[in-house]
Amino acid sequence: MRVVNRRELDFLLYEMFDVEKLLFSERFAAYDRESVKQFLDTAESIAEDIFLPIAALVDKEEPAFVDGRAIVPEETKTALQAFADAGFFALTFDEDAGGLQAPWFLYTAISGMFTCANVGVTNYAFLTIAAANLLNAFGTEDLKRRFLAQMLAGSWFGTMCLSEPQAGSSLADIRTTATEVGDGIYSIRGSKMWISGGDHELTDNIVHMVLAKIPGGPAGTKGISLFLVPKRRVDQDGNLGELNHVQLAGLNHKMGQRATTNCLLNFGEGGETLGYLIGEPHRGIEYMFHMMNEARLGVGHASVMAAQAGYFASAEYAATRPQGRPIDQRDPQSPQVAIVEHADVRRMLLAQKAAVEGAQALCFYCATLIDQLRIETDAEKRRQLSNLLGLLTPVVKSWPSEHCLEANKWAIQVLGGYGYTRDYPVERLYRDNRLNHIHEGTFGIQGMDLLNRKVAGDRGATLDLLISKMKQTVEEASTLPRTAELVGSMQAALGELERAAETLIDCQDVKLRSANATVFLDAFGHVVIGWFWLRQSILAERALDGDVPETDRSFYQAKVVAARYFIRHELPLAVTKLSLCASLDDTALVADPALFAVA
């Protein structure tokens, strides 16, 4: 199985988003198309040769809780060492911090290969990089000096510790406390649940980013602070000391992504757990969102990659599995045909392709927004870029985790009964992808973030900016013969989006508005993906009008067909849902909880 379609990647990077223009900036001056290719070649090789072959093994031999320790297969450590040796932990960090100062789009492409190959192992790196970014953004120079270099080398790993057994996603209800003991050091006491990578013996130390409340602070989320809490204490010279009494209390046994330990951790059990304040007191949620938003983008992209792996596997199977005969040729003596010859199998493959390549475009668009933010100096342009990224972050996290999971379902269906067995990877990929709908904020949480904070928060100003970009694409598409037929559907969807957004923004009943938030998010995501497919169709049609090699001609023709599939089959669903939102539907809101009582 492959972990990447390099032709597709080149199309996104160089034809759709023209990332070479970013490489002319001073920040990314060390990179050009050839050096990007070399990084991608290295990542593809390591992902396919080391990460992919152990994916089934580490899924089967899930972490074990033995004598208070989390034990994982040795192959996990070997794979992550190869990732570290390639310098990928340090890829996007500033050179001054010991990083390679690479653009975020390159990190997105590279991390995608590894999550496609083996998300359970890649999670350790993903979490460490996000924790290191958080430390680099808000930590003191002393903390960065003592911890950051080891994290960028992949010698120490990192986590985020938010949830607690009694609180779940309601962070206002966390009970973990942090009491100052002097010199900016705090004693941490409490428990954290669902901590991915929370304990293991893959590295000498684990750097936990922990949310806790300082006694006497404000109530709710306004009283939460952020602390760096190492598994082992670290002296002023960066040397490892004694254990810091971060106690592994147990492992959660998951449906998928089993290679990543998922832990219940107790702080302050059997001795004092010391932590260091990150930033100012009571601003922990604000700081943690830096890591959470990065994680949300990463989770969305991981969902795309799980679906891509399923698409690759099912497309290969469909091309090689003989079964049945064409519907208009029923002679039992005639040879069987590959199942890809059957229209309904092609429908299922198109559904996967449309979800995967549409969502992939969304992920890379957001990656380029991050890169543009890093080089833009104009304050107003930076504000617009930041707002666009903020608007799309809940969409990136949620739309793939819903519809790329659906793509994994279709991959299983293409294989039929074989797809439901462990003889093929598609059942594991489905299990792995199912988590992405839950962690880093559920679909419902993302819906409320989009509607209440992002759309209503600025009275639709950023949404209007995005819609204006979509309308420019619609106008461009209307001048091209093949793509013009798709314009009417996009116009209808945009019109309904504007109507629903206006109604929801004006709704003063926050409970009624919020009752429509998840439906709005899902429909809005459909419109955004429709926009990206319209853009891809424009590029493909223009390429087909030129002199292109036959292999490229097939590539572009496939783009036109996939765009047609998505805009004909999927986009109308958004119109229906947006119409429901515009009606301020209250069905779920007024449903009596007693309706759901089980006798």
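The rules we used
- Residues numbered from 1 in each chain as written.
- Predicted model: local features only at pLDDT ≥ 70, side-chain atom pairs only at ≥ 80, totals over all residues.
- Heavy atoms only, no water.
- Buried < 20%, exposed > 50% of the residue type's maximum accessible area, 1.4 Å probe, protein only.
- Helix = DSSP H or I, 4+ residues; strand = E, 2+ residues; numbered from the N terminus.
- Pairing = 2+ DSSP bridges.
- UniProt positions renumbered as here; feature names shortened; annotations may be inferred.
- Axes fitted to C-alpha atoms, helices over the stretch in contact; angles between N-to-C directions.
- Left-handed = near helix turned anticlockwise from the far one by under 90°.
- Contact = heavy atoms within 4.5 Å.
- Nonpolar A, V, L, I, M, F, W, Y, C, P; charged D, E, K, R; others polar.
- Polar contact = N/O pair within 3.5 Å; in protein donor to acceptor, adjacent residues only side chain to side chain.
- Expected span 1.5 Å × (residues − 1).

Counting buried positions along strand β12 (residues 273-278) yields six of six residues, so the element is predominantly enclosed. In terms of strand pairing, strand β5 (residues 185-196) meets β12 through four bridges, oriented antiparallel. Across the sheet, the residue bridging to Tyr186 is Gly275, located in β12.

Turning to the pairing of strand β3 (residues 156-161), a few remarks are in order. Successive side chains on a regular strand alternate, one facing one side of the sheet and the next facing the other. β3 sits mainly inside the fold: six of its six residues count as buried. Side chains of β3 alternate between two faces, with Trp156, Gly158 and Met160 and Phe157, Thr159 and Cys161 buried alike. Pairing of β3 with strand β6 (residues 205-213) involves six bridges; the strand directions are parallel. Bridge assignment links Met160 to a residue of β6, and that residue is Met209.

The subject of this paragraph is the UniProt feature "domain: Acyl-CoA oxidase/dehydrogenase middle" (unreviewed entry) in the chain. Per the UniProt entry, the sites bearing "domain: Acyl-CoA oxidase/dehydrogenase middle" (unreviewed entry) are residues 160-265 in this numbering. Secondary structure content for residues 160-265 is 0% helix and 50% strand, while the C-alpha to C-alpha distance between its ends is 12 Å.

This brings us to the environment of Leu152. Assignment of secondary structure puts Leu152 in helix α6 (residues 141-152). Distance from Leu152 to Ser489, taken between C-alpha atoms, is 47 Å for residues 337 residues apart in sequence.

The subject of this paragraph is the packing of helix α12 (residues 461-477) against helix α16 (residues 517-544). Look at α12 against α16: their axes get within 10 Å of each other, and the N-to-C directions meet at 35°. For the crossing formed where α12 meets α16, the hand is left-handed. Between α12 and α16, the contacting residues are Leu463, Leu466, Lys469, Met470, Thr473, Val474, Glu476 and Ala477 on the first element and Phe524, Val527, Val528, Trp531, Leu534, Arg535, Ile538 and Arg542 on the second. Classifying every residue of the contact of α12 with α16 gives 11 nonpolar, one polar and four charged.

It is worth spelling out the side chain of His200 at this point. As for its position among the elements, His200 is in the loop between β5 and β6. At a separation of 3.1 Å, a polar atom in the side chain of His200 contacts the main-chain amide nitrogen of Leu202. Those residues in contact with His200, other than ones at most four positions away along the chain, are Ala70, Tyr124, Phe157, Ile206, Lys231 and Thr261.

Looking now at α16. Here α16 is 28 residues long and its end C-alpha atoms lie 40 Å apart, about the 40 Å a rise of 1.5 Å per residue gives. Across the 28 residues of α16, 24 count as buried, placing the element largely inside the fold.

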